[in-house]
Each structure stands twice: as structure tokens, then as C-alpha cells.
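Listed below are the residues making up each chain.
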Amino acid sequence: MPEFRAIRRITESIERASILDKAVDVDRALVRAVARPRAVRQLLHGVPFGHPIHPLMVQVPLGAWISAAVLDLVGGTGNAKAAKTLVGVGVASAGTASVAGYVDWSELNREQLRTGWVHQAVNWVGISLYGLSWLQRKRGNHGAGRLLGFAGLTVVSVGGYLGGHLSYRQRAGVSEHGEVPYDAEA
């Protein structure tokens, strides 16, 4: 299907986008400086668990946002309040998921770093849209809140696609021997 080949070409062009290298290098240095203590890096990377925790942590915001979208589609006063709560839970939990992702990202190769940088940038746009969605809902403007929520879900879906590409196509964080990092003493 030609449309899917176009998506793959766009994604592969991100891998080769050397124009991103300066931003990638600045952000990578910042992540490494902030997460310098070994214990912090290992915890955020998921070493005590035997695999990265970022993929697990993204389930909370995504689950909350998808649930809010379902409630928004169903409609109703009670659902509007519940959807606002779920959007807030998603926004609040997205930050910690991002922090863990940054630690994983900072250890990748150049092409993976570029894809990961765009993945995080796209997701921060989506998180921002959800923050605005929550704010509109809090102010009682549920129509605008729903629209911003659906826009946010669309954007984080693109970010999720890039995260999947990073993990499965580019094999980010996957050992060539199939092993996962594990430190029994961590």
C-alpha cells in the first residue's frame, strides 16, 4: 500500500535528519547531567526489574486518555466530570513516564537518538494539548476540552508510532544477544 510506504519513508527520513543532532546532543547532555547518580539512572532505566520501565509507565497516561475519549464520545454530565479527571491523571503521570524514557533514550545510537528526540517532541505537544484540554474542562468549557483531548490523542498516537518504530524497527534498547540488563544488587 503506497500510503504506508510514505509513512515509512517519513519515519526513515527522521533517522537520517542530521539537522536534529545539535538539539539531540544538548538534550542528551542535560539528561546525563540530571540523571548522573548511578542509582537514579538504574532505577529510571528499570535495571532492578530486568527491563526498561518506560513502556510500562506510558500505559497510565495512555489508558487514562483513551478512557477519557470513550467517555467524551458517550457524553453526559457524569462522564464529563470523569473524563476531566482522567485527562488530569494522564497529564500528571505523563511526566514520570517521560523522565524514564529520557534515561533510556540517552544511551541510544545516533539514528535512534534522532527518532527518539522527535518521539519526545511530538509527545510533549500531545501532553500540552491534554493540559489545555484539562484546563478548558476545569473552566466548564467541555466542548473545547473534548476537541483538545481528541487532538491530543491524535498527536500522542503519532508519538506512539514513533516509539514503536524506535523499539521494533530500530531495536532501541534491545541487546543483540536478546538479554535484558539486570542487576540483582540494584
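Residues numbered from 1 in each chain as written. Predicted model: local features only at pLDDT ≥ 70, side-chain atom pairs only at ≥ 80, totals over all residues. Heavy atoms only, no water.

I'd like to hear about the packing of aromatic side chains, residue by residue, with values.
Tallied over the full model, the rule gives 1 aromatic pair. Measuring from centroid to centroid gives 4.1 Å for Trp65 and Tyr130, while their planes differ by 5 degrees, and the two rings are stacked. You can see Trp65 sitting in helix H5 (residues 59-74) and its partner Tyr130 sitting in helix H7 (residues 110-138), a full 65 residues away along the chain. Across the pair, Tyr130 and Trp65 agree in class, each one buried. (Phe/Tyr/Trp six-rings, centres within 6.5 Å; stacked < 30°, edge-to-face > 60°. Helix = DSSP H or I, 4+ residues; strand = E, 2+ residues; numbered from the N terminus. Buried < 20%, exposed > 50% of the residue type's maximum accessible area, 1.4 Å probe, protein only.)

I'd like to hear about the nonpolar core, residue by residue, with values.
Among the nonpolar cores identified, the biggest contains 14 residues, and Leu20, Val24, Trp105, Leu108, Trp117 and Val118 are the most heavily contacted of them. Ranked by residue count, the leading element in this core is H7, at 4 residues. Contact partners of Trp105, with chain neighbours within four places excluded, come to Val24, Asp27, Arg28, Val31, Gln112, Leu113, Gly116 and Trp117. Listed in part, the 11 residues of the second largest apolar core include Ala69, Ala94, Ile127 and Val156. (Core = buried A, V, L, I, M, F, W, Y, C linked by side-chain atoms within 4.5 Å. Contact = heavy atoms within 4.5 Å.)

Outline the packing of helix H2 (residues 21-34) against H7, supporting the account with residue identities and numerical values.
Viewed as axis vectors pointing N to C, H2 and H7 meet at an angle of 85 degrees, and their least axial separation amounts to 10 Å. Between H2 and H7, the angle is such that the two are roughly perpendicular. Along the contact surface, H2 presents Asp21, Ala23, Val24, Asp25, Asp27 and Arg28, while H7 presents Arg110, Leu113, Arg114, Trp117 and Gln120. Residue composition of the contact of H2 with H7, by class: 4 nonpolar, 1 polar and 6 charged. (Axes fitted to C-alpha atoms, helices over the stretch in contact; angles between N-to-C directions. Parallel < 35°, antiparallel > 145°, perpendicular 65-115°, else oblique. Nonpolar A, V, L, I, M, F, W, Y, C, P; charged D, E, K, R; others polar.)

Give a description of the side chain of Arg137 that names residues and reports values.
Along the chain, Arg137 falls in helix H7. Since its relative accessible area comes to 2%, Arg137 is described here as buried. Within the structure, the side chain of Arg137 is placed 3.1 Å from the backbone oxygen of Gly145, a separation counted as a polar contact. Not counting chain neighbours up to four residues away, the residues in contact with Arg137 comprise Asp72, Ala83, Lys84, Val87, His142, Gly145, Arg146 and Gly149. (Polar contact = N/O pair within 3.5 Å; in protein donor to acceptor, adjacent residues only side chain to side chain.)

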